[in-house]
Amino acid sequence: MALPLAGVKVLDLSNVLAGPFCAYQLALMGADVTKVENPEGGDLARRLGADKAAAARQMGASFVAVNAGKRSLTLNLKDPRGKAILKALVASSDVLVENFRPGVMTRLGLDFDVLREINPRLVYCAISGFGADGELSSRPAYDQIIQGISGVMSVTGDAQSAPLRVGYPVSDTVGGLTAAFAICAALLDARTTGQGRMLDVSMLEATLATMGWVVSNYLNAGVAPAPMGNENFTAAPSGTFRTGDGLLNIAANETRQFVSLCALIGRPDIAVDPRFAQRDTRKQNRHALKAEIEAALAHDSAANWETKFVASGVPAGRVLSVPDVLAHPHLASREFVRELDVPGEAQPQRVTRAGFRLSGGDAAPGAPAPSLGADTLSLLSDLGYDPASIDQLRADGVI
């Protein structure tokens, strides 16, 4: 079966993470994504990542993570000829994604109002830190800045360590996912009405929108959230616990799970202790309850406790490192990590597929991340440029 977005053409003008991650999700779903890059170095992410040798040849690990399955076209959008090429591509495209600061595309003469005259069905998605208007709109989009302003850092960590940055670029990633969802909805509408839409995606608002319970507790109950470290503010015992060997997350959020937990650790008396017998009292006395449970957990390892708890219906899981979980046989059986051969290179690219599976075909990249400008010749040839014209564009720095 064809993937859901097969036949959809996407122009990805974005850089680094939020925009490329968005376009990567579309590529995983079968869209034909062309990455439009500056001829002078391309996407900054090409030079980022832990593998210095790969970064030096403009194929950094950061770039590979979110650009597999795309094509690459180099184009100087400040040159009139570059603008003309982009407009020609827009005429036959369904989606354009960009994450420049608000106003940049207008100054280039390539904003939504201009491009929809060429293609009324175009879905134009602009991703920025704070949205296209408002007091903060002119600020650049950096993940850590958004994490701080959004309140994410204020609730991450505990009373001693907060505010703390989430350990990966969560606001960039959430912004990209939000954009991909909005694009799919707008594509459906465009196919029905024949009219595209301008999508104004704010990383700040996308991040806040994912903080539903925390935000709602303040908006509707007047309770300002506080950092609780690895504790779950909705229930107890629910959080991270020390064992005789390793850390274990336990989510005994229901009374029956709590009672089973107490029996499994050899402390059924805890379940009837007046301090812990009710859901609310367990939350009020969570620190005392945690001390009692950890004393019992000290007699065995996190791995063994995990097996016992899960078998008895008590939600639990070890705290693993990234290498540990990527090596887990569960992910191997589900083929979550894919290896893609790269022509001319001995080392394959290893990337992740989408976080879901589809009947009839997985949402996974079919080709490695492209070298800079790898598809410029073929794309321009398709537009009708002859070899001499292409050579001249290259000599003039347009491509």
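Residues numbered from 1 in each chain as written. Predicted model: local features only at pLDDT ≥ 70, side-chain atom pairs only at ≥ 80, totals over all residues. Heavy atoms only, no water.

The name given to the chain in an unreviewed UniProt entry is Formyl-coenzyme A transferase, with the source organism recorded as Pandoraea sputorum.

*Asks:* Which residues make up the packing of helix α7 (residues 143-150) against helix α8 (residues 170-193), and what are the values?
*Replies:* Two elements in contact, α7 and α8, have axes whose closest approach is 7 Å; the angle formed by their N-to-C orientations is 90°. Classified by the interaxial angle, the pair formed by α7 and α8 is roughly perpendicular. Across the interface between the two elements, Asp143, Ile146 and Gln147 from α7 touch Val170, Ser171 and Asp172 from α8. Taken together, the residues of the contact of α7 with α8 sort by class into two nonpolar, two polar and two charged. (Axes fitted to C-alpha atoms, helices over the stretch in contact; angles between N-to-C directions. Helix = DSSP H or I, 4+ residues; strand = E, 2+ residues; numbered from the N terminus. Parallel < 35°, antiparallel > 145°, perpendicular 65-115°, else oblique. Contact = heavy atoms within 4.5 Å. Nonpolar A, V, L, I, M, F, W, Y, C, P; charged D, E, K, R; others polar.)

*Asks:* Run through the pattern of salt bridges, naming residues and quoting values.
*Replies:* Following the criterion strictly, the structure yields 26 salt bridges and no others. Lysine 70 is paired through a salt bridge with aspartate 12; the nearest N and O atoms lie 2.9 Å apart. Of this pair, lysine 70 sits in the loop between α3 (61-67) and β3 (71-74) while aspartate 12 sits in strand β1 (residues 9-12); the two residues are 58 residues apart in sequence, bridging distant segments of the chain. The structure contains a network of salt bridges with shared partners spanning Arg267, Asp269, Asp273, Arg275 and Glu292. (Salt bridge = Lys/Arg side-chain N within 4 Å of Asp/Glu carboxyl O.)

*Asks:* Let's hear about the layout of surface pockets: which residues, and what values?
*Replies:* In this structure, the second largest pocket spans a volume of roughly 680 Å³. Broken down by secondary-structure element, the contributors of at least two residues to the lining of the second largest pocket are α8 and α10 (212-221). Looking at the lining of the second largest pocket residue by residue, the classes come out as 13 nonpolar, seven polar and one charged. (1 Å grid on protein atoms, 1.4 Å probe; cavity = no way out; pocket = protein on both sides within 12 Å on 5 of 7 lines; lining within 4 Å. Points joined across faces, edges and corners; volume = space filled by probe spheres on them.)

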